[in-house]
Amino acid sequence: MSLVNLNQLRDTLLGAGTNTILPFLQLFLLVLFPDAGPGSFPLPRSLYSHYDFIIVGGGTAGCVLAGRLSEVAEWRVLLLEAGGEPTLETKVPGLSPISYIPGYSQDWGYATVPQKYSSQNFANRAARQPQGRVLGGGSTVNAMYHVRGNRRDFDHWASLGNPGWDYLSVLPYFIKSEDYRGDPGVTAAYHGQGGPIGVTPAPITPLTEAFLQGGRELGYTVLDYNGPEQLGFSQASFSILKGVRSSTAEGYLRPAASRPNLHIMHGALVHKVLFTGKRATGVQFQHQGKVMTAQARREVIMSAGSVASPKLLMLSGVGPRHHLLNHQVDVVVDLPGVGQNVHDHVEVLGLSWTTPRLISTTSLRKLYTKDTQDKYRTERKGPLATPPFNFLNAWVKVSPEDDPLWPDIQLFFNSATIAYDVGLLSPALWGLDKKRFFEYMSDIYGLEGFSIRPILVRPRSRGTITLKSNDPRDPPYIDPQLLTHKYDVDTLVAGVKFALALGNTSTFMNNYQAKFFDKPLPSCAGEVYGSDSYWTCYVRHMSTTFYHLAGSCKMSPASDPYSVVDHKLRVRGVEGLRVIDASIMPAVTNGNTNAPTIMIAEKGSDIIKQDWAS
């Protein structure tokens, strides 16, 4: 098939996927989830004149906060979320890739500005930045990896001047949030039962065994990465409960939704926080075409995520003075750190191995069989009950710097190459330039195989989020300035070499006859293949974000000129306003960020309760 025909077919599939196929799929899924259609989170008939707490953003953190704060019966709580209710396909783990299709209704559709030092083989040199626009936020549309991070991440937060955020202080909140459904063995003390979020280990497959054995060949142990240590190879754990996605919308918000003191307003786009002097007293928002206000007696809590929280603070007059004045925003407080310290994990795409054994298409075909659908309908088991592509993770150390047990690379393994779909959807899903993708990957279109993506988990590059305008409907400029720090590039090059060593271990070579796709990247044709300069070029062209943006409302002491919140998550320079979401992370955690965001919200809820009790 020619590139032109493939492009036409891809464009047809992309358009059909969001506009035609999903409504039919959702009708079919009503058979599987008869009690979970539209209306699961009904809107209030009317609003109170005042609330005790207004939570801006009903994502991962916001749903936790709404559930916990409304436990206090005398507190009136209003949750405002721009998106709608979770749609049925989000419940089925095997359908999780749908949420990454461009144009998906429950995603904000963000992208970075063009990057100078990374993403050179991507359309417009920009990286996609999916963010959930739905109750539950990322927990409703993400890949469901349940990863707490490394204990040293949190000890580092505390060492920066944030008391109470060390590992031993935050561990109880991880445990509290969890309903672990596996056999934890020797790490049982690190897991919880009966919490709001189900955590289920993935099934062990022959490919899982090969991955773990490859780690052993390279000198690493097999462990529980949510236990006392993280460095090593592991079976994956997902936020899944009894075969269904376990989001904060389901685990925290649904049990609280019937409380008379909690109002849930989805489809509500917040414009700004309202102030009386320097005290936050309410919010302005738009719902069903009408601009409305809600008043807060105690606090407004910003939980809109790492993109929208700094944006809304700035639209409200809290941020860098000169930037606000440039956009005709009245300044409430000059807070230079708002929208600074922006960073993300960085992954490298394209490292692929082909194999004559059936891996990816076999698992995909199983998703669509009647037996699979019947098994899921009756037992909530089978291929639909777990994410596709046999996702696996490892954490390794490739740099000689600092603590040897503090990983700098996360390896992401899956049972398909990036070209398994002959280029129909992959370029659009990743945001890659279609022509460059074809030039590089067309030789392995449709072939069986696997891929390994090295991910930089402790980036040193820092960027910004800034206003495009003072119109709340406009997205901000997202510029993480990926790979501006030499350490990041050098570490990813070392991570690429580790990935090559893993894919070429005897377990993959002998059991799967794996062969590395060693075609030189055309964009790096001027470099000697396999040299450090070649892999540096490769990293700069094939790197993108890992969708874990953090740090834009940094938690740090007052001595830090870029501090936005203190260790109690209170916004500096004003009263009655906190930020509680991933944006407060001084440095992003080591791995996927959903579980740490839940922890932040659990701890934040307790801080609020303790503050008002006193």
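Residues numbered from 1 in each chain as written. Predicted model: local features only at pLDDT ≥ 70, side-chain atom pairs only at ≥ 80, totals over all residues. Heavy atoms only, no water.

**Student:** How should I be thinking about the packing of aromatic side chains in this particular structure?
**Tutor:** In this description, an aromatic ring pair is defined by two values, namely the gap between the centres and the angle between the planes. The final tally for this structure, using the stated rule, is 34 aromatic pairs. Seen in terms of ring centroids, Phe154 and Trp157 are 5.2 Å apart; in terms of plane orientation they differ by 80°. Their pairing is edge-to-face. Note that Phe154 and Trp157 are positioned in helix α4 (residues 151-159) at a spacing of three residues, about one turn of the helix. A single burial state applies to Phe154 and to Trp157, both of which are buried. (Phe/Tyr/Trp six-rings, centres within 6.5 Å; stacked < 30°, edge-to-face > 60°. Helix = DSSP H or I, 4+ residues; strand = E, 2+ residues; numbered from the N terminus. Buried < 20%, exposed > 50% of the residue type's maximum accessible area, 1.4 Å probe, protein only.)

**Student:** Would you explain the side chain of His327 in this entry?
**Tutor:** Its place among the elements puts His327 in the loop between α9 (321-326) and β16 (333-334). Given a relative accessible area of 15%, His327 falls into the buried group. If sequence neighbours within four positions are ignored, His327 has contacts with Leu467, Lys468, Ser469 and Asn470. (Contact = heavy atoms within 4.5 Å.)

**Student:** Honestly, the sheet that holds strand β5 (residues 178-180) in this entry has me stumped. Any pointers?
**Tutor:** The pairing of strands in a sheet comes from backbone hydrogen bonds and takes either a parallel or an antiparallel form. One open sheet accounts for three strands, arranged β5-β6-β8; its pairing is mixed. Lying at the two open borders of the sheet, with one neighbouring strand each, are β5 and β8 (237-238). On top of the sheet, helix α5 (residues 167-177) reaches β5 and β6 (197-201); it is set at about 60° to β5, its chief contact. (Pairing = 2+ DSSP bridges. Axes fitted to C-alpha atoms, helices over the stretch in contact; angles between N-to-C directions.)

**Student:** In this structure, what is going on with the pairing of strand β20 (residues 409-414)? I would like to understand it.
**Tutor:** Residues in a regular strand point their side chains to alternate faces of the sheet. Across the six residues that make up β20, a large majority, six, are buried. On β20, burial covers both faces: Ile409, Leu411 and Phe413 on one face and Gln410, Phe412 and Asn414 on the other are all buried. Strand direction decides the pairing type here: strand β19 (residues 392-396) and β20, joined by five bridges, are antiparallel. By the bridge assignment for β20, Ala394 is matched with Leu411. Relative to strand β21 (residues 449-456), β20 runs antiparallel, the two being bridged by six bridges. Counterpart to Ile409 in the pairing with β21 is Leu456.

**Student:** Looking at this model, I keep getting lost on the pattern of salt bridges. Mind explaining?
**Tutor:** When the charged atoms of two side chains with opposite charge come close together, those side chains can pair. Evaluation of the coordinates by the stated rule reveals 30 salt bridges. Residue Arg578 pairs with Glu299 through a salt bridge whose shortest N-O separation is 2.7 Å. Note that Arg578 is positioned in strand β26 (residues 577-579) and Glu299 in strand β14 (residues 290-302), a separation of 279 residues in sequence. Across the pair, Glu299 and Arg578 agree in class, each one buried. Several salt bridges converge on common partners, so that one network encompasses Arg68, Glu71, Lys176, Glu602 and Lys609. (Salt bridge = Lys/Arg side-chain N within 4 Å of Asp/Glu carboxyl O.)

**Student:** Is there a simple way to think about the UniProt feature "domain: Glucose-methanol-choline oxidoreductase N-terminal" (unreviewed entry) in the protein chain in this case?
**Tutor:** Within this structure's numbering, the places UniProt gives as "domain: Glucose-methanol-choline oxidoreductase N-terminal" (unreviewed entry) are residues 305-319. For the annotated span residues 305-319, helix accounts for 73% and strand for 13% of the residues, and the straight-line distance between the end C-alpha atoms is 16 Å. (UniProt positions renumbered as here; feature names shortened; annotations may be inferred.)

**Student:** Whenever I open this one, unusual backbone geometry confuses me. Can you help?
**Tutor:** Across the chain, the bulk of peptide bonds are trans and the bulk of non-glycine residues have phi less than zero. The phi dihedral of Arg380 falls on the positive side, at around 55°, and the residue is not glycine. Considering the arrangement of structural elements, one finds Arg380 in the loop between α11 (370-379) and β19. Not every positive phi belongs to a glycine, and Gln481 is a case in point at roughly 50°. Residue position: Gln481 is located in the loop between β23 (477-479) and α14 (486-503). Overall, Gln481 belongs to the partly exposed group, its relative accessible area being 27%.

**Student:** What is the right way to look at the packing of helix α2 (residues 60-69) against helix α17 (residues 594-613) in this model?
**Tutor:** In a packed pair of helices, the relevant descriptors are the angle between the two axes and the axis-to-axis distance. Closest axis-to-axis distance for the α2/α17 pair is 9 Å, and the angle between their directions is 35°. The handedness of the crossing between α2 and α17 comes out as right-handed. Taken together, the residues of α17 that come into contact with α2 (itself represented by Thr60, Ala61, Val64, Leu65, Arg68 and Leu69) are Asn594, Thr597, Ile598, Ala601, Glu602, Ser605, Ile608 and Lys609. When its residues are assigned to classes, the contact of α2 with α17 shows seven nonpolar, four polar and three charged. (Left-handed = near helix turned anticlockwise from the far one by under 90°. Nonpolar A, V, L, I, M, F, W, Y, C, P; charged D, E, K, R; others polar.)

**Student:** Honestly, the pairing of strand β2 (residues 77-81) in this entry has me stumped. Any pointers?
**Tutor:** With five of five residues buried, β2 lies mostly within the body of the structure. Burial along β2 is two-sided: the residues Val77, Leu79 and Glu81 and Leu78 and Leu80 are all buried. Across four bridges, strand β1 (residues 50-56) lies against β2 in parallel orientation. Bridge assignment links Val56 to a residue of β2, and that residue is Leu80. For the segment spanning β1, α2 and β2, crossover handedness is right-handed. Pairing geometry for β2 and strand β11 (residues 262-266), over five bridges, is parallel. (Right-handed = clockwise from strand over helix to strand, strands pointing away.)

**Student:** Honestly, the state of the cysteines in this entry has me stumped. Any pointers?
**Tutor:** Cysteine pairs can be covalently joined through their sulfur atoms, and such a bond is termed a disulfide. If you walk through the whole model with that rule in mind, you get one disulfide. Linked covalently through their sulfurs, Cys524 and Cys537 form a disulfide whose S-S length is 2.1 Å. Residues Cys524 and Cys537 share a disulfide whose torsion about the S-S bond is about -90°; that sign makes it left-handed. Placement of Cys524 in the loop between β24 (515-516) and α16 (532-542) and of Cys537 in helix α16 is noted, with a sequence separation of 13 residues between them. Each member of the pair Cys524 and Cys537 is classed as buried. Of the cysteine sulfurs around Cys553, a residue in no disulfide, the closest is that of Cys63, at 19 Å. What makes Cys553 buried here is its relative accessible area of 0%. (Disulfide = S-S within 2.5 Å.)

**Student:** Can you help me understand the confidence of the model for the protein chain in this one?
**Tutor:** For any part of a model where pLDDT is low, the fine detail of the predicted coordinates should not be relied upon. Across the protein chain, the average pLDDT comes to 94, with 94% of residues at or above 70. The least confident element of the protein chain, judged by mean pLDDT, is helix α1 (residues 3-32) at 57; the most confident is β26 at 99. Across residues 1-7 the pLDDT falls below 50, and counting only partners more than four positions away or on other chains, this stretch makes six contacts in the model. (pLDDT = per-residue confidence, 0-100.)

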